[in-house]
Amino acid sequence: MSVTNEQVRHIAKLARIAMSDEELERLVPELNNILGWVEQLGEVDTDGVEPLTAVIPNTLRLREDAVTDGDCRDAVLANAPVAEHGFFAVPKVIE
């Protein structure tokens, strides 16, 4: 697969990138090289190869799920200008 100057100009227009004719002439061979490399990758036999998320095995270090604080609702609500029934009270907003 290869791209033409018109296709690159159309892609640049869709991406809203202003390109001169000189830049287009330089970009066409680069894009064709990239597409050739992608086609070459498509020819690689990957049967029996499991997909990877990373090259090296990574495991997350998990912390113990323990409650370190809590049951401090009254202390938190002490900072509220108005609290009612264990909740922050806010004025009603109706438009």
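What you see is a predicted model; the values in this text were computed from it and never measured.

Colleague: Report on the overall build of the protein, specifying residues and quantitative values.
Modeller: Of regular secondary structure, the protein possesses 3 helices and 2 strands. Against the 2.2 N^0.38 benchmark of 12 Å for 95 residues, the protein shows a C-alpha radius of gyration of 30 Å, more extended than a compact globule. Dimensions of the protein, computed from the C-alpha atoms along their principal axes, are close to 70 × 50 × 20 Å. Split into buried and exposed, the 95 residues of the protein put 7% on the buried side. A separation of at least 24 residues holds for 30% of the contacts in the protein among residues at least 6 apart in sequence. Of the roughly 9500 Å² of accessible surface on the protein, a fraction of 56% belongs to carbon and sulfur atoms. Once the 8 positive and 18 negative side-chain charges of the protein are each reduced to a mean point, those two points are 10 Å apart.

Colleague: How would you sum up the pattern of salt bridges? Please name residues and give values.
Modeller: Summed over all chains, the structure comprises 1 salt bridge. The partner of aspartate 21 in a salt bridge is arginine 9, and the shortest N-O contact between them spans 3.2 Å. Highlighted residues: aspartate 21 in helix α2 (residues 21-42) and arginine 9 in helix α1 (residues 5-14), separated in sequence by 12 residues. You can call aspartate 21 exposed: its relative accessible area is 53%.

Colleague: I'd like to hear about the environment of glutamine 40, residue by residue, with values.
Modeller: With respect to the helices, strands and loops of the structure, glutamine 40 is situated in helix α2. Taking the relative accessible area as the measure of exposure, glutamine 40 reaches 52% and is therefore exposed. Along the primary structure glutamine 40 and threonine 4 are separated by 36 residues, whereas in three dimensions their C-alpha atoms are 20 Å apart.

Colleague: Tell me about a nonpolar patch on the surface, and name the residues and values.
Modeller: Together, Ile34, Trp37, Val38, Leu41 and Val44 give the surface a local cluster of nonpolar side chains, amounting to about 490 Å² of exposed area. Within the fold, valine 38 resides in helix α2.

Colleague: Please set out the packing of α1 against α2 residue by residue, giving values where relevant.
Modeller: In contact at an axis separation of 9 Å, α1 and α2 are set at 105° when each is read in the N-to-C sense. Classed by the angle they form, the pair α1 and α2 counts as roughly perpendicular. For the pair formed by α1 and α2, the contact residues are Asn5, Val8 and Arg9 on the first element and Asp21, Leu24, Glu25, Leu27, Val28 and Leu31 on the second. Tallied by class, residues from the contact of α1 with α2 come to 5 nonpolar, 1 polar and 3 charged.

Colleague: Before we move on, could you go through unusual backbone geometry and cite the residues and values that matter?
Modeller: Residues apart from glycine generally show negative phi values, whereas peptide bonds are mostly found in trans. Although it is not a glycine, arginine 16 adopts a positive phi angle of roughly 55°. Position of arginine 16 relative to the elements: it lies in the loop between α1 and α2. Even without a glycine there, the phi angle at histidine 85 is positive, about 55°. Among the structural elements, histidine 85 can be located in the loop between β1 (83-84) and β2 (87-88).

Rules of the game
Residues numbered from 1 in each chain as written. Predicted model: local features only at pLDDT ≥ 70, side-chain atom pairs only at ≥ 80, totals over all residues. Heavy atoms only, no water. Helix = DSSP H or I, 4+ residues; strand = E, 2+ residues; numbered from the N terminus. Rg over C-alpha atoms; globule rule 2.2 N^0.38 Å. Buried < 20%, exposed > 50% of the residue type's maximum accessible area, 1.4 Å probe, protein only. Contact = heavy atoms within 4.5 Å. Areas by Shrake-Rupley, 256 points an atom, 1.4 Å probe, with all protein chains shown as cover. Lys, Arg positive; Asp, Glu negative; His and termini not counted. Charge placed at Lys NZ, Arg CZ, Asp CG, Glu CD. Salt bridge = Lys/Arg side-chain N within 4 Å of Asp/Glu carboxyl O. Patch = residues over 30% accessible without salt bridge, like charges linked within 9 Å, V, L, I, M, F, W, Y side chains within 5 Å. Axes fitted to C-alpha atoms, helices over the stretch in contact; angles between N-to-C directions. Parallel < 35°, antiparallel > 145°, perpendicular 65-115°, else oblique. Nonpolar A, V, L, I, M, F, W, Y, C, P; charged D, E, K, R; others polar.

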